[in-house]
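Geometric and topological summary
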Amino acid sequence: MADPKDLLEVHVNVEIPASALTAIVENAKQIAGTDESGKYRIDTAAKVGEMISRFLAEYDFENYVRDINNFPGA
């Protein structure tokens, strides 16, 4: 994985299956639990970003994008 000081935060629109979003929200809520009033206090949008970033790191996104053959239209 890249050194954290070499990472950039990029805000983009990505298409993911609705079922993937549902799974992220359900799992994040399960991990976070509820507060005293029964409400979930978790930023599920941040969890989506964390999950996508983790996936990209684990599956070597950097080397994937270095290969010109992976670009649409190449």
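Before reading further, recall that the structure is shown in the block above.
Chains are numbered independently. Their residues run from 1 in the order of the written sequence. Only residues with pLDDT of at least 70 are given local features in this predicted model, and only at 80 or more are side-chain atom pairs given and counted; all residues enter the totals for whole chains, interfaces and linings. Hydrogens are left out, water is left out, and the side-chain values use all remaining heavy atoms of the structure.

**A closer look at the layout of surface pockets**
- Residues are said to line a cavity or pocket when one of their atoms sits within 4 Å of a point; the points come from a 1 Å grid over protein atoms alone, cavities being sets where a 1.4 Å probe fits but cannot get out and pockets being open sets with protein on both sides within 12 Å along at least five of seven lines. Grid points are joined across faces, edges and corners, and a volume is the space filled by probe spheres set on the points. Each pocket or cavity is described by its volume, and for the largest pocket that value is around 1200 Å³.
- Leu8, Ile52, Ser53, Leu56 and Phe61 are the residues nearest the centre of the largest pocket, which is lined by 25 residues in total.
- The secondary structure listing takes helices from DSSP runs of H or I that are at least 4 residues long and strands from runs of E that are at least 2 residues long, numbered from the N terminus. At the level of elements, helix H2 (44–58) and helix H3 (61–66) are the ones that each hand at least two residues to the lining of the largest pocket.
- When its residues are assigned to classes, the lining of the largest pocket shows 15 nonpolar, four polar and six charged.
- Empty space within the second largest pocket amounts to approximately 160 Å³.
- Lining the second largest pocket are Ala23, Ile24, Asn27, Ala28, Ile31, Lys47, Glu50 and Met51.
- When contributions to the lining of the second largest pocket are tallied by element, the ones reaching two or more residues are helix H1 (18–32) and H2. Under the grouping applied here, Gly and all other residues not named as nonpolar or charged are polar, the nonpolar ones being Ala, Val, Leu, Ile, Met, Phe, Trp, Tyr, Cys and Pro and the charged ones Asp, Glu, Lys and Arg.

**Some thoughts on unusual backbone geometry**
- A positive phi is found at Asp60, a non-glycine position, where the angle reads about 55°.
- For Asp60, the location among the structural elements is in the loop between H2 and H3.
- When accessible area is computed with a 1.4 Å probe and restricted to protein chains, residues below 20% of their type maximum are described as buried, those above 50% as exposed, and intermediate ones as partly exposed. Asp60 sits in the partly exposed class, given a relative accessible area of 36%.

**Comments concerning the pattern of salt bridges**
- Whenever Lys or Arg places a side-chain nitrogen within 4 Å of a carboxyl oxygen from Asp or Glu, that contact is recorded as a salt bridge. Tallied over the full model, the rule gives four salt bridges.
- Residues Lys47 and Glu50 are paired through a salt bridge, measuring 3.0 Å at the closest nitrogen-oxygen approach. Highlighted residues: Lys47 and Glu50, both in helix H2, separated by three residues, approximately one helical turn.
- Residue classification places Lys47 among the partly exposed residues on the basis of a relative accessible area of 28%.
- The partner of Glu62 in a salt bridge is Arg66, with the nearest N and O atoms 2.6 Å apart.

**Let's talk about the environment of Ser53**
- Positionally, Ser53 belongs in helix H2.
- C-alpha separation for the pair Ser53 and Lys5, spaced 48 residues apart in sequence, amounts to 15 Å.

**Re a nonpolar patch on the surface**
- Two joining distances apply to patches: 9 Å for like charges and 5 Å for nonpolar side chains (Val, Leu, Ile, Met, Phe, Trp, Tyr), and every residue must have over 30% relative accessible area and no salt bridge. Per-residue and other accessible areas follow the Shrake-Rupley method at a 1.4 Å probe size, with only the shown protein chains counted as cover for residues. There is a patch of nonpolar side chains on the surface, built from Phe55, Leu56, Tyr59, Phe61, Tyr64, Val65, Ile68 and Phe71 and spanning about 840 Å² of accessible area.
- Elements with a contribution of two residues or more to the nonpolar patch: H2 and H3.
- It is H3 that provides the largest number of residues to the nonpolar patch, a total of three residues.
- The topology assignment puts Ile68 in the segment after H3.

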